[in-house]
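Okay, here's what each chain looks like letter by letter:
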Amino acid sequence: MANNESPKPAGGWPALASSMKKIVEAKDLGKTSKALLRVNQPNGFDCPGCAWPDPKNPSITEFCENGVKAVAAETTGKRANREFFANHTVGVLLDKTDYWLESQGRLTEPMVYNEESDTYSPIGWEEAFALIGGILNDLDSPDEAVFYTSGRTSNEAAFLYQLFVRMFGTNNLPDCSNMCHESSGLAMSQAIGIGKGTVVLEDFEKADTILLLGQNPGTNHPRMLTELQKARRRGAEIITLNPLVEKGLESFLHPQHPGAMLTNRPSAISSFYLQPLIGGDLAALKGIIKWVLHFETSAPGKVLDWDFIKEHCSDFEAFREDIEATDWQTVEIQSGLTREELRRVAEIYIQSERVIACWAMGLTQHKHAVPTIQYVLNLLFLRGNIGREGAGACPVRGHSNVQGDRTMGIFEKPSPKFLDRLQEVFRFNPPRKHGYDTVDAINAMHKGEAKVFFAMGGNFARATPDSDYTEKALQNCRLTVNVTTKLNRSHLVHGKQALILPCLGRTELDIQESGPQSVTVEDSMSMVHASRGRHKPASDDLLSEPAIVAGLAKATLGKDSLKWDDWVADYDLIRDLIEEVVPGFDDFNNRIKAPGGFYLGNSAGRRKWNTRDGRARFTVSEIPDLTLPDGVFRLMTIRSHDQYNTTIYGLDDRYRNVRNERRILFLNQADMDQQGLQKDDIVDLLSVYGDGKERTAHRFKVRAYNIPAGCAASYFPETNVLVSVDAFADGSQTPVSKYIPIRLRAGPEDPGGVGGSGRGRTFRSNCFTRS
């Protein structure tokens, strides 16, 4: 086939085969198999993958292919122990791929960097904590330290972590939200008064239409496909806007449905699929809204929910005037879609009583991300599709507790109410000055203004923009510390002193003084539930995340600063503290005993608007001009099907027909023809920002794909090097990873140059927009 898409549906027999392969590769078949039967179960553990919610009555196999990969990676029999580090210098490890590093297995004991040998060597826990505490207390200001958080940290660990950091004296608490859904949180907070989605899982059973914008559930949250399949089968419309044709949005064969598997009967997912230009969603949304208002003019009082608009909304007239003044030519050029295509979406929308709008990084990682998401909300407001069953806003978040961490106070801009409550309960004066987000932290470390970097999970060096710049920033630190389960590049791009602190994983038994412990997480739809590991830890020298935070706090603030030992001995006591500080957690310890946990609630879901004027706010923004110069493509970064965020599980991307490769550039076939490019020709990618800095990603193979002309796609983190640290969303400072202006240059394996023009030729393209 001309394009690179797989002819097979998402899921199916290949998903089963891939899952079995990962289980076998884990080198502990029994342990991994038993663990999978406890994933997302009422008395089991929460999947360490995505934040998609669990049904009230989960099946015995409530996991997906990506969940299998995550569990197998954690229950692996492989170990990266002291012998491994003695035999591998950091210099040698830096030349290894992310996949190779991930494949070395679980870390087994705390390690400290030895500059003389260029290796990591064992260190005792108390010595490690003393080293960190000594350096922190030697800083001129607490603001010279940065405390990063990954989205897999439990509520209990996150609460203790932010408490320690604020008692130390800073709000420098950047987290992975800064790089993904920060735009969603800001956009929704301004428009509806809360930064969380307004729907619950049961709403998907009642929606007439589900609108999917800028997301790929087949790879990033595969269990969502089950809900989409059920919705489509009962007659709901599923409208997709995505620049790439993604297999999971076309068809799905559920691997856990024997009848469909044996008869090879996949389900169609999208009923209408549009491919806007990368970054063209705001223009597309304004076009859809323009049609909706047109239909209201043609049939006054029959289209819009005037009761909702008049009772609950503000600024409608200014919004309507802006839409009426928006011309169709601008909409079509900037969206890459025709007015008739957008009319069809509007017709489906106005014929539906209940509509859910879902989105992910395809909307949030643009310079104009915040207004784009607010236009999603504008569209929902028009027919009252917020605050009732089967309708609402659904930002689909990634890591399994990224939303919970923010609820627990992991935020560089805490609210005064939250800080006031901390002050009342713990009797200290928390800092009020806003701290560093991710972009600010990178710049501060680069300039030497931040000297300590502590990461509670994650792979900061690979998750962040401007890779070379960020790595130099980390290397400029006096100390870098990473709490983790497995080896990654962030451990190798380190400060003058460095520590690796291995922790328990989600699958593992956490026994403290009072007995076995459970932690809690919050999913993407505000359900809070317990997670209890049952398996023997990978090493006797692992500590839980709460225990690591407590050890750090005692070494820095003093053993008697608070009751850290008591809290680690019994996590119920941590939950009692959370109940005192965080709204919505009344009777916390009892409520998590219920199967499935409890719903935190959502003010906007009750049509209570915690905005400046107490109303849902229509917002107005102009369509940005995204036209690029001749010869420049708009590149978006994407995941392969064999990765989760920066974790690389393998080198295949089954849904895009990629085998044993990651340095792939997907282009429209017409662009390839115009450039004289053939399949697997080698090119370098050069980002074009006009700031005088050269950012290059080397040696990518070109493949044709169903993507609009003038657009391109490639995997991160390999292409993060192209994203300028100064390119971020207005307001949220989320790095713009979905709109990177690039030129192509003949790669080193093509000495004659593509088309015979010689080495170093820069390719040109005249095709940027589709009208």
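Residue positions are counted from 1 within each chain, in the order its sequence is given. Under the rules for a predicted model, residues below a pLDDT of 70 receive no local features and side-chain atom pairs below 80 are neither given nor counted, while totals for whole chains, interfaces and linings still include all residues. Excluded from the side-chain calculation are hydrogens and water; included are all heavy atoms of the structure.

**Student:** Summarise the overall build of the protein chain; cite the residues concerned and give the values.
**Tutor:** Scanning the protein chain from N- to C-terminus turns up 30 helices and 31 strands. Compactness check: the protein chain gives a C-alpha radius of gyration of 25 Å against a globular reference of 28 Å for 771 residues, within 12% of the reference. Taking all 771 residues of the protein chain together, 65% fall into the buried category. Sequence-distant contacts, at least 24 apart, represent 78% of the contacts inside the protein chain between residues at least 6 apart. What sets the accessible areas is the Shrake-Rupley method with a 1.4 Å probe; for residues, cover comes only from the shown protein chains. For the protein chain, the exposed surface amounts to about 27,200 Å²; the carbon and sulfur share of it is 48%. Asp and Glu count as negative and Lys and Arg as positive, but His and the ends of the chain are not part of the count. We put the charge of a Lys on NZ, of an Arg on CZ, of an Asp on CG and of a Glu on CD. For the protein chain, the separation between the mean place of its 89 positive charges and that of its 98 negative charges on side chains is 3 Å. Put simply, DSSP H or I for four residues or longer makes a helix, DSSP E for two residues or longer makes a strand, and each gets a number counted from the N terminus. In this treatment the radius of gyration is a C-alpha quantity, and the globule benchmark scales as 2.2 Å times the residue count to the 0.38 power. Between buried and exposed lies partly exposed: a residue is buried under 20% and exposed over 50% of the maximum accessible area for its type, with that area taken using a 1.4 Å probe on protein chains only. Contact definition: two residues touch when any of their heavy atoms are within 4.5 Å.

**Student:** Let's hear about the nonpolar core: which residues, and what values?
**Tutor:** Of all hydrophobic cores here, the largest spans 61 residues; its most connected members are Leu136, Phe147, Phe164, Phe426, Phe454 and Leu501. The biggest single contributor to this core is helix H8 (residues 155-168), with eight residues. Residues Ala191, Leu304, Leu379 and Ala604 belong to the second largest nonpolar core, which totals 57 residues. Among the buried residues, those of types Ala, Val, Leu, Ile, Met, Phe, Trp, Tyr and Cys that are joined through side-chain atoms within 4.5 Å form a nonpolar core.

**Student:** Quick rundown of the packing of aromatic side chains? Include the residues and the values.
**Tutor:** Each aromatic pair joins two rings of Phe, Tyr and Trp (for Trp, the six-membered one) with centres within 6.5 Å, and gets the label stacked for planes under 30 degrees apart, edge-to-face for over 60, and tilted for any other angle. Counted according to the given criterion, the structure contains 33 aromatic pairs. When the ring of phenylalanine 159 is compared with that of phenylalanine 426, the centres are 6.3 Å apart and the planes differ by 45°; the resulting orientation is tilted. Taken as a pair, phenylalanine 159 in helix H8 and phenylalanine 426 in helix H22 (residues 416-426) lie far apart in primary sequence, 267 residues in all. You can call phenylalanine 159 buried: its relative accessible area is 0%. Residue class for phenylalanine 426 comes out buried when judged on its relative accessible area of 8%. Summarising the aromatic geometry, the rings of phenylalanine 319 and tyrosine 375 are spaced 6.2 Å apart at their centres and angled 45° between planes, so their arrangement reads as tilted.

**Student:** Give a description of a negative patch on the surface that names residues and reports values.
**Tutor:** Together, Asp576, Glu579, Glu580, Asp586 and Asp587 make up a negatively charged patch on the protein surface. Tracing the chain through its elements places glutamate 580 in helix H28 (residues 571-581). Patch criteria: residues need more than 30% relative accessible area and no salt bridge. Like-charged residues are merged within 9 Å; nonpolar side chains of Val, Leu, Ile, Met, Phe, Trp and Tyr are merged within 5 Å. A carboxyl oxygen of Asp or Glu within 4 Å of a side-chain nitrogen of Lys or Arg is what we treat as a salt bridge.

**Student:** An account of unusual backbone geometry is requested, with residue identities and associated values reported.
**Tutor:** Note the cis peptide between phenylalanine 716 and proline 717, where omega equals 10°. With respect to the secondary-structure elements, proline 717 resides in the loop between strand S30 (711-715) and strand S31 (740-746). If you check the backbone angles, asparagine 657 has positive phi at about 60° while not being a glycine. Mapped onto the elements of the fold, asparagine 657 is located in the loop between strand S26 (647-648) and strand S27 (664-667). On the accessibility criterion, asparagine 657 (30% relative accessible area) is partly exposed. Despite not being glycine, asparagine 660 has its phi angle at roughly 55°, a positive value. The topology assignment puts asparagine 660 in the loop between S26 and S27.

**Student:** Run through the sheet that holds strand S24 (residues 633-638), naming residues and quoting values.
**Tutor:** Each strand in a sheet pairs with another by means of backbone hydrogen bonds, the pair being arranged parallel or else antiparallel. Within the closed barrel, the six strands sit side by side as S24-S30-S27-S29-S28-S31. Their pairing is mixed. Looking at each pair of strands side by side, their axes are set apart by 45° on average, direction ignored. By this definition, two strands are paired if DSSP reports at least two bridges between them. As paired elements, S24 and S31 share three bridges and run antiparallel to each other. Bridged to leucine 635 within S31 is isoleucine 740. Orientation is described by lines fitted to C-alpha atoms, with helices fitted over the stretch in contact, and by angles between N-to-C directions that extend from 0 to 180 degrees.

**Student:** A description of the pairing of S27 should follow, citing residues and the corresponding values.
**Tutor:** Alternating positions in S27 separate into two faces, Ile664 and Phe666 on one and Leu665 and Leu667 on the other, with burial throughout. Examined bridge by bridge, S27 and strand S29 (residues 696-704) share four bridges and lie parallel to one another. Of the residues in S29, the one forming a bridge with phenylalanine 666 is arginine 703. Pairing analysis gives three bridges linking S27 to S30, with the strands arranged antiparallel. Its bridge partner lying in S30, phenylalanine 666 is registered against alanine 713.

**Student:** Mind laying out the environment of serine 19, listing which residues take part and the relevant values?
**Tutor:** Tracing the backbone through its elements, the reader meets serine 19 in helix H1 (residues 12-25). For the pair serine 19 and lysine 69, spaced 50 residues apart in sequence, the C-alpha separation works out to 6.9 Å. Apart from residues no more than four positions distant in its own chain, serine 19 is found in contact with Glu65 and Val68.

**Student:** Which residues make up the sheet that holds strand S15 (residues 452-456), and what are the values?
**Tutor:** Reading across the sheet, the six strands line up as S5-S4-S17-S16-S15-S6 and stay open at both edges, with mixed pairing between neighbours. With one partner strand each, in any of the chains shown, strand S5 (119-122) and strand S6 (145-149) form the two edges of the open sheet. Across the sheet, the axes of successive neighbouring strands diverge by a mean angle of 20°, strand direction being ignored. Where strand S4 (residues 111-114) meets strand S17 (residues 497-502), two bridges bridge the pair, whose relative direction is antiparallel. In the strand pairing of S17, methionine 111 is matched with isoleucine 500.

**Student:** Which residues make up the pattern of salt bridges, and what values do they have?
**Tutor:** Going through the model one piece at a time under the given rule, you end up with 42 salt bridges. The salt bridge partner of arginine 152 is glutamate 74, with a shortest N-O separation of 3.9 Å. Within this pair, whereas arginine 152 is found in the loop between S6 and H8, its partner glutamate 74 is found in helix H3 (residues 65-75), the two being separated by 78 residues in sequence. Here aspartate 208 ties to arginine 354 by a salt bridge, and the two come within 3.1 Å at their closest N and O atoms.

**Student:** Describe helix H17 (residues 328-335), listing the residues and the values that go with them.
**Tutor:** Restricting attention to buried positions, one finds in H17 the residues Trp328, Val331, Glu332, Gln334 and Ser335. Pairs of N or O atoms within 3.5 Å make up the polar contacts considered here, provided that, within protein, one atom can donate a hydrogen while the other can accept it, and that residues adjacent in sequence are counted only when both atoms are side-chain atoms. Its side-chain oxygen 3.3 Å from the backbone nitrogen of glutamine 329, aspartate 327 forms the N-cap of H17. Of the residues trailing H17, glycine 336 is marked for its positive phi of about 80°.

**Student:** So what about the confidence of the model for the protein chain? Which residues, and what values?
**Tutor:** By definition, pLDDT measures how confident the predictor is in each residue, and it falls between 0 and 100. Averaged over the protein chain, the pLDDT score is 92; the fraction of residues at 70 or greater is 96%. pLDDT under 50 marks residues 750-771. Its contacts with residues more than four places away, or in other chains, come to 65 contacts.

**Student:** Please give an account of the environment of threonine 627 that cites residues and values.
**Tutor:** Mapped onto the elements, threonine 627 comes out in the loop between strand S23 (616-617) and S24. In this structure, the C-alpha to C-alpha distance between threonine 627 and glycine 710, residues 83 residues apart in sequence, is 9.9 Å. Polar side-chain contacts of threonine 627 include one of 3.5 Å to the side chain of glutamine 334. Engagement of the side chain of threonine 627 in a polar contact is seen with the side chain of aspartate 625, the distance being 2.9 Å.

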